[in-house]
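Each chain, written out:
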Amino acid sequence: MAVRLFPVAKFIIKGGLAGAAVYVAYDQGLLGSGTQGAEALKKAQAALPPAIQEWTNYLGWELPPTPKFDFSPSDSWNKGVQSVMSALSVAPTRACEYTVEGWKYVKDLVK
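Now for a quick tour of the structure. Predicted model, so just to flag it, every value in this text is computed and none were measured. (Residues numbered from 1 in each chain as written. Predicted model: local features only at pLDDT ≥ 70, side-chain atom pairs only at ≥ 80, totals over all residues. Heavy atoms only, no water.)

Given a rise of 1.5 Å per residue, 26 residues ought to cover 38 Å, and the 36 Å separating the end C-alpha atoms of helix α2 (residues 34-59) matches this to within 8%. Taking the largest bend as the criterion, α2 deviates by roughly 25°, centred on Leu48, and proline Pro49 comes between one and four positions later. With its phi angle positive at about 85°, Gly60 sits one or two positions after the end of α2. (Helix = DSSP H or I, 4+ residues; strand = E, 2+ residues; numbered from the N terminus. Expected span 1.5 Å × (residues − 1). Bend = angle between axes of the 7 residues up to and from the residue.)

Here you go:
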């Protein structure tokens, strides 16, 4: 009997953890717009270092200082989207150019 309940309990626990993770992500604004995600990231960057320092003091560990770098996920995302859209906008022109070059090459081989 207990052998049959173990997979069910395991499934319920995993489902509960996954549901809780989705709820927390939604509650913090991570599933919203880009500005909500940026605000959530700023809140996390402000809250995590003191929390980590408190836990390391509690456990008696000493961690090296975290590196400081200026990285904006929204700027990187926007740059990636702009690059993709730029490539898609010139794709028909490039395809025509490559087709003309290919036909010239084939004609030169046939001569």
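For the rest of this paragraph, the subject is the packing of aromatic side chains. Throughout the structure, instances matching the rule amount to one aromatic pair. Look at Trp55 and Tyr58: their rings are 5.8 Å apart centre to centre, the planes differ by 85°, and that puts the pair in the edge-to-face class. Note that Trp55 and Tyr58 are positioned in helix α2 at a spacing of three residues, about one turn of the helix. For Tyr58, a relative accessible area of 66% gives the class exposed. (Phe/Tyr/Trp six-rings, centres within 6.5 Å; stacked < 30°, edge-to-face > 60°. Buried < 20%, exposed > 50% of the residue type's maximum accessible area, 1.4 Å probe, protein only.)

Moving on: the environment of Gln28. Topologically, Gln28 is positioned in the loop between α1 (2-27) and α2. For the pair Gln28 and Leu5, spaced 23 residues apart in sequence, the C-alpha to C-alpha distance is 34 Å. Sequence-distant contacts of Gln28, that is, excluding residues within four places in its chain, are made with Ala40 and Lys43. (Contact = heavy atoms within 4.5 Å.)

Further remarks concern the layout of surface pockets. Summary: where empty space remains is shown by rolling a probe the size of a single water molecule over the atoms. In this model, the largest pocket occupies a volume close to 530 Å³. The wall of the largest pocket is formed by 19 residues, among which Gln45, Pro49, Thr66, Pro67 and Lys68 lie closest to the centre. Looking at which element gives the most residues to the lining of the largest pocket, the answer is α2, with eight residues. Here the lining of the largest pocket is built from residues that sort into 13 nonpolar, four polar and two charged. (1 Å grid on protein atoms, 1.4 Å probe; cavity = no way out; pocket = protein on both sides within 12 Å on 5 of 7 lines; lining within 4 Å. Points joined across faces, edges and corners; volume = space filled by probe spheres on them. Nonpolar A, V, L, I, M, F, W, Y, C, P; charged D, E, K, R; others polar.)

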